Amino acid sequence: MSTWPQWLPLREELVPMSPYGAPQVSAEASLNTNENPFSPSPALIKAIADRVSAIGAQLNRYPDREATSLRTALASYVNSQSGTSIDISNVWAANGSNEIIQSIFLAFGRKSALGFTPSYSMHPLIAKVTATPWIDGTRRKDFTLDCDAASAQIESLRPALTFITTPNNPTGSAVLIGEIESLARSTKNVGGLLVIDEAYAEFSSEKSAVTLIEKYPNVVVIRTMSKAFAFAGARVGYLVAHPSVIDAMRLVRLPYHLSALTQVAASAALEFSDELLATVQGLIAAREDVASRMEQLGLEVVPSCSNFLLFSGFKRASADVWKDLLDKGVLIRDVGLEGYLRVTIGNEAENNKFLSALKEVLNK
Ligand SMILES: *Cc1c(COP(=O)(O)O)cnc(C)c1O
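In this report, we go over the structure that sits alongside the text.

Rules behind the numbers
Residues numbered from 1 in each chain as written. Predicted model: local features only at pLDDT ≥ 70, side-chain atom pairs only at ≥ 80, totals over all residues. Heavy atoms only, no water. Near = heavy atom within 4 Å. Polar contact = N/O pair within 3.5 Å; in protein donor to acceptor, adjacent residues only side chain to side chain. Areas by Shrake-Rupley, 256 points an atom, 1.4 Å probe, with all protein chains shown as cover. Pairing = 2+ DSSP bridges. Helix = DSSP H or I, 4+ residues; strand = E, 2+ residues; numbered from the N terminus. Axes fitted to C-alpha atoms, helices over the stretch in contact; angles between N-to-C directions. Contact = heavy atoms within 4.5 Å. Buried < 20%, exposed > 50% of the residue type's maximum accessible area, 1.4 Å probe, protein only.

What to know about the site of the ligand
Thinking step 1. With respect to spatial proximity, 13 residues lie near the ligand, and among them S97, Y200, T224, S226 and K227 are the closest.
Thinking step 2. One of the side-chain nitrogen or oxygen atoms of R235 is found 2.7 Å away from an oxygen atom of the ligand.
Thinking step 3. For the ligand, the accessible surface in isolation is 390 Å², of which the surrounding protein chains cover 94%.

Here you go:
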């Protein structure tokens, strides 16, 4: 914990906090933040450069505050994936889904928010920053979500916001759409929103919760271009929800929050969706291959519907295994769950490098 100078009038609730900090150190294989390992193609890079060049002369002007063409393109992408018929009034876009999460807390977080640990660490962190009381709900021992227990927690705690991450980070497990629907009913009964974080949706074969919005207007779905879309550096996340939820986003967003550069780059990337998503099937196959090779090393691997694996079964402290892997040039993630580590699926060379380093480290 840092010590702050006396003269600094820092908000009291921020004093014990530390900044979000996945280590950004260089390593031969960076398998710690669930990025897609494949770079954009030369054709996409050129398309982005052309679009940026075309708007260069208008950079003295503020961007389209409503991000009209990007949100229209995002709506048709979602419709093509999920067979829905949403339109621009159901979509909001921001600088990464983390900004979407922050806007949700700013707009709806007054009462309290419930999530089921272990899950995405930014949900409770952003709750804290926006002064929203956060409640840690519970999962089964194997980290899967017990839907009946979750509904009971919702009905007794009556949170304004309930967060479900599916596939979940850091475990990789998905919640079935029927279970999401029963949580939609429970949250509706208590007058709350059900926030589904689908950052890894494209890696899962489970139906998206966007298909529930028409029937349950209290369901809001957070998506991102950072993972499957291989676009983390551009910072583009989006929200799919009832138009009234989108209207509430306008109250809390900063004016002109999404730069003209981001808007054109993201629109160009969406035109290349087939190409960008082509890596997803390969990453899923690699995930299964890496998992079985890890099991052959005597490790236990949590079944995953995402682009990463949570694993355990070490004969010594997981933090020491993490450090020894880094010494061998392989950066993975210590998610703060004693006895477990998380690895992102990389390209073939990175996966092989990870597996051979892991073998040496385990035998140490
Ligand atoms: C990676 C991740 C995000 C992505 O955040 P961006 O701000 O869009 O890069 C959101 N939610 C979860 C669960 C994640 O793992």
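Description of the sheet that holds strand β12 (residues 340-344)
In sheet architecture, strand pairing relies on hydrogen bonds along the backbone and comes in two forms, parallel and antiparallel.
Thinking step 1. The strand order across the open sheet formed by three strands is β9-β10-β12, and the pairing between neighbours is antiparallel. The open sheet has two edge strands, β9 (300-301) and β12, and neither has a second partner.
Thinking step 2. Where strand β10 (residues 308-312) meets β12, five bridges bridge the pair, whose relative direction is antiparallel. By the bridge assignment for β12, L310 is matched with R342.

Details of the sheet that holds strand β3 (residues 113-116)
Thinking step 1. Spatial ordering of the open sheet is given by β2-β8-β7-β6-β5-β3-β4, a layout of seven strands whose pairing is mixed. Of all strands in the sheet, those bounded by a partner on one side alone are β2 (91-94) and β4 (134-137). Each strand of the sheet is rotated relative to its neighbour by a mean of 20°, with strand direction disregarded.
Thinking step 2. Pairing analysis gives four bridges linking strand β6 (residues 193-197) to strand β7 (residues 219-224), with the strands arranged parallel. From the neighbouring strand, V195 faces β7, where its bridge partner is V220.
Thinking step 3. Lying over the sheet, helix α4 (residues 122-129) contacts β4, β5 (161-165) and β6, oriented at roughly 160° with respect to β4.
Thinking step 4. Taken strand by strand, helix α5 (residues 147-157) contacts β3, β4 and β5, and its axis lies near 165° from that of β3.

Focus on unusual backbone geometry
Thinking step 1. Residue P118 follows T117 across a cis peptide bond; omega there is 0°.
Thinking step 2. Tracing the backbone shows P118 in the loop between β3 and α4.
Thinking step 3. The phi dihedral of R158 is positive, around 50°, even though this residue is not glycine.
Thinking step 4. Along the polypeptide, R158 turns up in the loop between α5 and β5.
Thinking step 5. Its relative accessible area of 42% is what places R158 among the partly exposed residues.
Thinking step 6. If you check the backbone angles, Y256 has positive phi at about 55° while not being a glycine.
Thinking step 7. Positionally, Y256 belongs in the loop between α7 (243-252) and α8 (260-271).
Thinking step 8. You can call Y256 partly exposed: its relative accessible area is 29%.

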